[in-house]
Amino acid sequence: QVQLVESGGGLVQAGGSLRLSCVASGRTFSRYGMGWFRQAPGKEREFVAAISRSGTNTNYADSVKGRFTISRDNAKNTVYLQMNSLKPEDTAVYYCAAPQSVLGVGVRETDYDYWGQGTQVTVSS
């Protein structure tokens, strides 16, 4: 059974930074792409970033390009989301996601089958 555990969320002022981590267990981490999504209050969950299994390819939502960086450490079974220049509109619960099958850089919720419990990020103005 694949398990994903996020950490690193918190309260930060606008312009600040946070780094989210997601530790995966239950299968060979390096065989699968990974993704980050977020859900703000009253809104649908949306794609944030994705990374291929080797880390060579990445994809970002337009709203976070140039501010967020996704990376992974396959030796630690961990994917990261470095968030810089945070804005109040980045406030959301952030979720780590993994596909059931081998995937490149999926951007749709339906590309992923396993989800973490989420970590709250709150950006104050």
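Scroll up a little and you will see the structure.
In this text the structure is predicted, and so the values were computed from the model without any measurement. (Residues numbered from 1 in each chain as written. Predicted model: local features only at pLDDT ≥ 70, side-chain atom pairs only at ≥ 80, totals over all residues. Heavy atoms only, no water.)

K.L.:
Account for the nonpolar core, naming residues and giving values.
P.N.:
If you look at the biggest cluster of nonpolar residues, it comprises 34 residues, and the most contacted ones within it are M34, W36, V79, L81, M83 and Y94. Of all the elements in the fold, those that place two or more residues in this core are β3 (18–25), β4 (34–39), β5 (46–51), β7 (68–73), β8 (78–83), β9 (92–98) and β11 (119–124). (Core = buried A, V, L, I, M, F, W, Y, C linked by side-chain atoms within 4.5 Å. Buried < 20%, exposed > 50% of the residue type's maximum accessible area, 1.4 Å probe, protein only. Helix = DSSP H or I, 4+ residues; strand = E, 2+ residues; numbered from the N terminus.)

K.L.:
So what's going on with the state of the cysteines? Residues and values would help.
P.N.:
Applying the stated criterion to the full structure yields one disulfide. The disulfide that involves C22 links it to C96, with 2.1 Å between the sulfurs. For the disulfide bridge between C22 and C96, the dihedral angle about the S-S bond is near -75°, and by the sign convention the bridge is left-handed. With a gap of 74 residues between them, C22 in strand β3 and C96 in strand β9 connect regions that are remote in the sequence. Taken individually, C22 and C96 each receive the classification buried, so the pair is uniform in this respect. (Disulfide = S-S within 2.5 Å.)

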